[in-house]
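Topology and contacts: notes
These are the residues of each chain, in order.
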Amino acid sequence: MPIINVIDSEGEEHTVEGQVGLSLMESLRDLDNGVLALCGGMCSCATCHCYIEESWASTLEERQDDELELLEDLESFRDDQSRLTCQVEFTEDLDGIRLEIAPDE
């Protein structure tokens, strides 16, 4: 069972089962104090914003322009860590990934 290590919006740590082949958002939206994902994964609202631990962030595919545009408009944007969880597919290679839910804006 591949896992995601997450710090929720209240600062509590959780281990969540990752769903291979689906976005990180799919595994995190049912978590209490997890991502809101108001647009359902359409990359149009940034309510699934998270910070990927730097050692993991460097292994992910680059952000597409639409994702980067949404992220750069956020006050909490971190160039080296911010991602929209709806835009990151969970794979076996991401087993053990560490991330933190970004603050609501």
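Because the structure is predicted, anything quoted here is derived from the model rather than measured. (Residues numbered from 1 in each chain as written. Predicted model: local features only at pLDDT ≥ 70, side-chain atom pairs only at ≥ 80, totals over all residues. Heavy atoms only, no water.)

Thoughts on the pairing of strand 5 (residues 97-101)
- Side-chain alternation along strand 5 places Ile97, Leu99 and Ile101 on a buried face and Arg98 and Glu100 on a face that remains uncovered.
- With 3 bridges connecting them, strand 3 (residues 49-52) and strand 5 associate as antiparallel partners. The residue bridging isoleucine 52 from the neighbouring strand is leucine 99, located in strand 5. (Buried < 20%, exposed > 50% of the residue type's maximum accessible area, 1.4 Å probe, protein only. Helix = DSSP H or I, 4+ residues; strand = E, 2+ residues; numbered from the N terminus. Pairing = 2+ DSSP bridges.)

Considerations on the environment of cysteine 45
- With respect to the helices and strands, the residue cysteine 45 is situated in the loop between helix 1 (24-28) and strand 3.
- The class of cysteine 45 is partly exposed, set by a relative accessible area of 26%.
- The spatial distance from the C-alpha of cysteine 45 to the C-alpha of isoleucine 3 is 26 Å, given a sequence separation of 42 residues.

Some details on the nonpolar core
- The biggest cluster of nonpolar side chains holds 27 residues, and the ones touching the most others in it are Ile4, Leu24, Leu28, Ile52 and Leu99.
- For this core, the secondary-structure elements that each account for two or more residues are strand 1 (3-7), helix 1, strand 3, helix 2 (54-57) and strand 5.
- Contact partners of leucine 99, with chain neighbours within four places excluded, come to Ile4, Asn5, Val6, Ile7, Leu24, Leu28, Cys50, Tyr51, Ile52 and Glu53. (Core = buried A, V, L, I, M, F, W, Y, C linked by side-chain atoms within 4.5 Å. Contact = heavy atoms within 4.5 Å.)

What to know about a negative patch on the surface
- On the surface, a cluster of negative charge is made up of Asp65, Asp66, Glu69, Glu72 and Asp73.
- Positionally, aspartate 73 belongs in the loop between helix 3 (65-72) and strand 4 (82-84).
- Look at aspartate 73 and you get exposed, because its relative accessible area is 65%. (Patch = residues over 30% accessible without salt bridge, like charges linked within 9 Å, V, L, I, M, F, W, Y side chains within 5 Å. Areas by Shrake-Rupley, 256 points an atom, 1.4 Å probe, with all protein chains shown as cover. Salt bridge = Lys/Arg side-chain N within 4 Å of Asp/Glu carboxyl O. Lys, Arg positive; Asp, Glu negative; His and termini not counted. Charge placed at Lys NZ, Arg CZ, Asp CG, Glu CD.)

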